[in-house]
Amino acid sequence: MDALTKMDVFLLALCAVLLAMACVPADRVRAWRAGINPSAPELPDASFVVARVLFVALATGGVCTAVQGFGVSDRMSWSDGELTSAVHQATDDLDGYAYRTDETGDSPYFTDYESLTEEKVTRYGGGDAPETGVFADPADTDTDTDAHLTVTASGADNAFCVHLQRTRVKKDDYTPPGLNGSPGTLTFRGYRLTAGVRDGEC
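Along each chain, numbering runs from 1 in the same order as the chain's sequence is written. Totals for whole chains, interfaces and linings use all residues, but because this is a predicted model, local features are given only for residues with pLDDT of at least 70 and pairs of side-chain atoms are given and counted only at 80 or more. With hydrogens and water stripped out, all remaining heavy atoms of the structure feed into the side-chain values.

## Brief notes about the overall build of the chain
Here is the rule: To qualify as a helix, a DSSP run of H or I must reach at least 4 residues; to qualify as a strand, a run of E must reach at least 2; elements of each kind are numbered from the N terminus. For a compact globule the rule gives 2.2 Å times the number of residues to the power 0.38, and the radius of gyration it is set against comes from C-alpha atoms. The rule is simple: take the accessible area with a 1.4 Å probe, protein chains only, and divide by the maximum for that residue type; under 20% is buried, over 50% is exposed, in between is partly exposed. Every residue pair with non-hydrogen atoms within 4.5 Å of one another is taken to be in contact.
Per the secondary structure count, the chain includes five helices and five strands. Order of helices (α) and strands (β) in the chain, N terminus to C terminus: α-α-α-α-β-α-β-β-β-β. Whereas a compact globule of 202 residues would reach a radius of gyration of roughly 17 Å, the chain reaches 30 Å, over 25% beyond that. Along the first, second and third principal axes, the C-alpha set of the chain runs to 105 × 40 × 20 Å. By the burial criterion, 28% of the 202 residues in the chain qualify as buried. When contacts within the chain are restricted to residue pairs at least 6 apart in sequence, long-range pairs at least 24 apart make up 61% of them.

## What to know about the side chain of N158
Note the cut-off: Polar contact is defined as a pair of N or O atoms within 3.5 Å, subject to the rule that within protein one atom must be able to donate a hydrogen and the other to accept it, and that residues adjacent in sequence are counted only when both atoms are side-chain atoms.
For N158, the position within the fold is in the loop between β3 (146-153) and β4 (160-168). Within the local environment of N158, its side chain forms a polar contact with the side chain of T84, the two groups lying 3.0 Å apart. Excluding residues that lie within four positions of it along the chain, N158 makes contacts with D80, L83, T84, V151 and T152.

## Concerning the state of the cysteines
What counts, and what does not: The disulfide criterion is simple: two cysteine sulfur atoms within 2.5 Å.
If you walk through the whole model with that rule in mind, you get one disulfide. Here C161 is linked by a disulfide to C202, with a sulfur-sulfur distance of 2.0 Å. Here the S-S torsion is close to 110°, and the disulfide linking C161 with C202 is therefore right-handed. Of the two residues, C161 is situated in strand β4 and C202 in the segment after β5 (189-199); the sequence distance between them amounts to 41 residues. Its relative accessible area of 40% is what places C202 among the partly exposed residues.

## Re the packing of aromatic side chains
Aromatic ring pairs are reported here in terms of the distance separating the ring centres and the angle at which the planes meet. Rules: Any two rings among Phe, Tyr and Trp, with Trp reduced to its six-membered ring, count as a pair given centres within 6.5 Å; such a pair is stacked if its planes are under 30 degrees apart, edge-to-face if over 60, and tilted if neither.
Considering all chains together, one arrives at five aromatic pairs under this definition. Ring centres 4.9 Å apart and planes at 75° place the aromatic pair Y99 and F110 in the edge-to-face group. Remark: F110 occurs in the loop between β1 (98-101) and α5 (113-123) and Y99 occurs in strand β1; sequence separation between them is 11 residues. Neither residue differs from the other here; Y99 and F110 are each classed as buried.

## Description of the side chain of T101
Among the structural elements, T101 can be located in strand β1. Setting aside anything within four residues of it in sequence, one finds T101 in contact with D106, S107, T187, F188, R189 and Y191.

Written out as structure tokens, the structure is:
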């Protein structure tokens, strides 16, 4: 539970106390005051009416504020359901994902497997999920051809292990033509990913 949600829960509890105070009978309050200070002047009925109206108004405002706060909190953090759905859809998208690399082995489409996975999960988060807060942490033993990424998100308690394997696909290679239609000298190498996912950290 994030800090904003905790504050909203506290605010709802405070509103419940205010409503309970508004329901206390006037005779009970008079008896309580007389027990503490017998010489205190008698409170008129109008004072209790004003107090009840004030307590109810404060409680109503507090409930409205808490409801709005829950909405803001929902948009700022991921739920377990949102993350579960997004990770599985992202894995389906990554399974069979094709790309090419230049002569240095870098892809112009993404920086690394971590950023690619985070971008895919965020894309499938849905309307209520935030556009940030997804983390794909690689394992220490990861290589360019085999990677295990622990996917988590801010606000969600669950975690997933996404497994990516890279396969060389020569038919996806691309050699752009050279100057004046001559054969090109640079070949962009083609690859495809195989993706899977399981519950829990890698």
